[in-house]
Amino acid sequence: MAQILMAPKVKIDRKWQQWINGKFEDGASERQLYNPATGKPLTRVSEANAKQVDLAIAAARKAFDEGPWPKLTAAERAQFLFKLSDKIESQSDELAQLETLNSGKPLRESQYDIADAANCFRYYAGLITKPLGQAVDVPAPSFTTVVREPIGVCGQIIPWNYPLLMAAWKLAPALAAGNTCVLKPSEYTPLTAIALAELLQELDLPQGVVNVVLGDGPKVGQPIADSTLVDKIAFTGSVKTGKIIVQAATSNLKKVSLELGGKSPMVVFKDFDLDVAVDYALFGIYCNAGQVCSAASRFIVERSIHNEFVRKMTERSKKIKVGPGLDPDTEMGPLVSEQQLKRVLDYIEIGRTEGAKLEVGGDQPKGGKYEGGYYVNPTIFTGATTNSRIVQEEIFGPVAVVQEFTTEDEAIYLANGTPYGLAGAVFTNDITQATKVVKALRAGITWINAYHNTYTECPWGGYKQSGWGRELGTFGLDAYTEVKQININLDPRPVEWFRK
């Protein structure tokens, strides 16, 4: 209870329900949520059964086919999204506290996430009123335009690492374009999605335009992906589940967007300031306890500076203040769940078994404020082979692997040597070399001499098994629209293709 008392604006002991067709309602069952900082019960949430999922989809279908939302002008939809953004900002303290209690992340990270979520809705509110179509110069008397229209009903399944922000990434472009939505947050972190539904209700969003259904993937996510009433499915999560989503989407060949994570490299050349590189390395892997799809989990360092890089990174890692997210001194919080804790600890054991050298971490902080929480100390491995599991597979925790290279070609080979291609960075003072290497990276999000700075205005997504399509920016809006060609004959006359 001590953690809750530190956040007096947040009421945890209350009903957390589905939001279907504009109404909050209990589900068929309940799930116990746990505070990641303590491992103790946090609250209980209601979860949907198959019938409620079907009702939510039907509500979204009716809202799109018969309701007012798709028929509103772009300016009218924009006005609503601007108001929603203002609402989020007005309740940012409460939402940030709620996010931290539910996900475990440090409060300062939650505060950034809430601000980003508000900005996302504001960005798409502004974008939707800008020109989106084309006028095509064709032979007279025809006049041809190309317009973008909403796809229809969008099923959206989001992960637990950025709960409210991922909801904004999905809902903002979809609503701006005039779609209706069925949103399924992670069963571990549904609280801010429910809070968002409450804000939508306060703003009198038409019934059925957004529906929030709670539960796990098999019971709630799968029926959404399977439904022939759903026109598009957008999913952020694991490759394994992404492949299941794709198979389900064949039921009616619905549109699919997938963001499936990564095993992202950070390449460091010897001419770059080592202390700055180490600082970015810490930020790259330990932000949100490594639970970031674009985390810099592989550090590919030139051989002549490898040992010094490892020494400095190890020293800095030991100083990171691990603790409860609501503690203002905390720099890295717990993992989101007991399941995720077990996964990360299992990978650390795999690294040891495979013969990699554990430089620091690999254990849990003990006693006092750590008792019962899902904590793992910042961890660094060296000496792993290129085909080892800790190099090839996404761990999604505060576990870094440092590899070494001697030539530029070897650095590129190592950087591209996994099934993923979400993000990557290169650190060097040689701009020619930096440009050459960053262009050679098979990744959708890249940096030169930086890491993790991303913008709502720019596309987010990856190559290879990191997914299909892009979110954010104009690309994110395009992903929620269909393209239609309209031909107008300005002087209708007989075609006379066939003789009379």
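Computed from a predicted model, the values in this text were never measured in an experiment.

## With respect to the overall build of the protein chain
Here is step 1: If you tally the helices and strands in the protein chain, you get 16 helices and 22 strands.
Here is step 2: Taken over the C-alpha atoms alone, the protein chain extends approximately 85 × 55 × 40 Å along its principal axes.
Here is step 3: Counting only residues that meet the buried cut, the protein chain has 56% of its 500 residues in that class.
Here is step 4: Within the protein chain, counting contacts between residues at least 6 apart in sequence, those at least 24 apart form 74% of the total.
Here is step 5: Accessible area for the protein chain stands at about 21500 Å²; split by element, carbon and sulfur atoms hold 52% of it.

## What about the pattern of salt bridges?
Here is step 1: This structure, assessed with the given rule, holds 27 salt bridges.
Here is step 2: The salt bridge partner of Glu187 is Lys184, with a shortest N-O separation of 3.6 Å. Note on accessibility: Glu187 and Lys184 belong to one class, buried.
Here is step 3: Where Arg311 meets Glu308, a salt bridge forms, and the shortest distance between an N and an O atom there is 2.5 Å.

## Topic: unusual backbone geometry
Here is step 1: The step from Ala140 to Pro141 runs through a cis peptide bond, and the omega angle for that step is 10°.
Here is step 2: With respect to the helices and strands, Pro141 occurs in the loop between β5 (134-136) and β6 (142-150).
Here is step 3: Backbone geometry at Asp204 places phi at a positive 60°, although glycine is not the residue there.
Here is step 4: Along the polypeptide, Asp204 turns up in the loop between α7 (191-202) and β9 (210-212).
Here is step 5: In this structure, Leu253 is a non-glycine residue whose phi angle is positive, near 50°.
Here is step 6: Note on placement: Leu253 falls in the loop between α9 (239-249) and β11 (255-259).
Here is step 7: For Leu253, a relative accessible area of 69% translates into the label exposed.

## Thoughts on the confidence of the model for the protein chain
Here is step 1: Predicted confidence across the protein chain gives a mean pLDDT of 96, with 98% of residues reaching 70 or more.
Here is step 2: Under a pLDDT of 50 for its full length, residues 1-5 has, in the predicted model, eight contacts with residues more than four places off or in other chains.

## With respect to the sheet that holds strand β22 (residues 481-489)
Here is step 1: Strand order in the open sheet formed by three strands is β5-β6-β22, with antiparallel pairing between adjacent strands. Here the strands that pair on one side only, and so sit at the sheet edges, are β5 and β22. Averaged over neighbouring strand pairs, the angle between their axes works out to 20° when direction is ignored.

## Focus on the sheet that holds strand β15 (residues 379-382)
Here is step 1: Taken together, seven strands build an open sheet; the order of strands is β14-β15-β16-β13-β12-β18-β19 and the sheet is mixed. With one partner strand each, in any of the chains shown, β14 (357-360) and β19 (445-448) form the two edges of the open sheet. If you compare each strand with its neighbour and ignore which way they point, the axes differ by 20° on average.
Here is step 2: Where β14 and β15 come together, three bridges link them in antiparallel fashion. Bridging from a neighbouring strand, Lys357 pairs with Thr382 of β15.
Here is step 3: This element, helix α12 (residues 338-353), spans β14, β15 and β16 (399-405) of the sheet and lies at about 25° to β15.
Here is step 4: Contacts between helix α14 (residues 408-415) and the sheet are confined to β12 (264-268), β13 (296-302) and β16, with β16 contributing the most and set at about 150° to the helix.

## Considerations on the nonpolar core
Within soluble globular proteins, side chains that are nonpolar generally end up buried alongside one another.
Here is step 1: Phe299, Phe309 and Met313 are the most contacted members of the largest nonpolar core, which has 124 residues in total.
Here is step 2: Counting residues per element, this core draws most heavily on helix α6 (residues 163-177), which supplies twelve residues.
Here is step 3: Sequence-distant contacts of Phe309, that is, excluding residues within four places in its chain, are made with Val268, Leu274, Ala277, Val278, Ala281, Phe299, Val301 and Val402.
Here is step 4: Counting 25 residues, the second-largest nonpolar core is a separate cluster that includes Ala60, Val213, Val220 and Ile245.

## Some remarks on the pairing of strand β4 (residues 41-47)
Here is step 1: Burial analysis of β4 places five of its seven residues in the buried class, which makes it a mostly covered element.
Here is step 2: In terms of strand pairing, strand β3 (residues 29-34) meets β4 through six bridges, oriented antiparallel. Paired with Leu33 across the strands is Thr43, a residue of β4.

## Some points on the state of the cysteines
Here is step 1: Counting across every chain of the model gives zero disulfides.
Here is step 2: Take Cys458: it sits in no disulfide, and the sulfur closest to it among the cysteines is that of Cys120, at 13 Å.
Here is step 3: Judged by relative accessible area, Cys458 falls into the partly exposed class, the value being 37%.

## Re the packing of helix α5 (residues 107-127) against α6
Here is step 1: Following both chains from N to C, one finds α5 and α6 inclined at 5°, their axes separated by 9 Å at the closest point. The orientation of α5 with respect to α6, classified from their angle, is roughly parallel. Contacts from Asp113, Ile114, Asp116, Ala117, Cys120, Phe121 and Tyr124 of α5 reach α6 at Leu164, Leu165, Ala168, Trp169, Leu171, Ala172, Pro173 and Ala176.
Here is step 2: Across the contact of α5 with α6, the residue classes tally to 13 nonpolar, no polar and two charged.

## Looking at the pairing of strand β10 (residues 232-236)
Two faces, one strand: in a regular strand the side chains alternate between the faces of the sheet.
Here is step 1: With five of five residues buried, β10 is to be regarded as a mostly interior element.
Here is step 2: Burial along β10 is two-sided: the face carrying Lys232, Ala234 and Thr236 and the face carrying Ile233 and Phe235 are both buried.
Here is step 3: Bridging between β10 and β11 involves five bridges; their strand directions are parallel. What sits directly across from Ile233, in β11, is Val256.
Here is step 4: As for the winding sense of the linkage, the β-α-β connection from β10 through α9 to β11 is right-handed.

## Examining the environment of Arg442
Here is step 1: Residue position: Arg442 is located in the loop between α15 (431-440) and β19.
Here is step 2: Through-space distance from the C-alpha of Arg442 to that of Ile157 is 26 Å; in sequence the pair is 285 residues apart.
Here is step 3: Sequence-distant contacts of Arg442, defined by excluding residues within four places in its chain, comprise Asn416, Tyr420, Gly421, Tyr463 and Lys464.

## Re a nonpolar patch on the surface
Here is step 1: Together, Phe143, Ile486, Ile488 and Leu490 make up an exposed nonpolar region whose accessible area comes to about 350 Å².
Here is step 2: Along the chain, Ile488 falls in strand β22.
Here is step 3: On the basis of relative accessible area, Ile488 is assigned to the partly exposed category, the value being 37%.

Scoring rules and cut-offs
- Residues numbered from 1 in each chain as written.
- Predicted model: local features only at pLDDT ≥ 70, side-chain atom pairs only at ≥ 80, totals over all residues.
- Heavy atoms only, no water.
- Helix = DSSP H or I, 4+ residues; strand = E, 2+ residues; numbered from the N terminus.
- Buried < 20%, exposed > 50% of the residue type's maximum accessible area, 1.4 Å probe, protein only.
- Contact = heavy atoms within 4.5 Å.
- Areas by Shrake-Rupley, 256 points an atom, 1.4 Å probe, with all protein chains shown as cover.
- Salt bridge = Lys/Arg side-chain N within 4 Å of Asp/Glu carboxyl O.
- pLDDT = per-residue confidence, 0-100.
- Pairing = 2+ DSSP bridges.
- Axes fitted to C-alpha atoms, helices over the stretch in contact; angles between N-to-C directions.
- Core = buried A, V, L, I, M, F, W, Y, C linked by side-chain atoms within 4.5 Å.
- Disulfide = S-S within 2.5 Å.
- Parallel < 35°, antiparallel > 145°, perpendicular 65-115°, else oblique.
- Nonpolar A, V, L, I, M, F, W, Y, C, P; charged D, E, K, R; others polar.
- Right-handed = clockwise from strand over helix to strand, strands pointing away.
- Patch = residues over 30% accessible without salt bridge, like charges linked within 9 Å, V, L, I, M, F, W, Y side chains within 5 Å.

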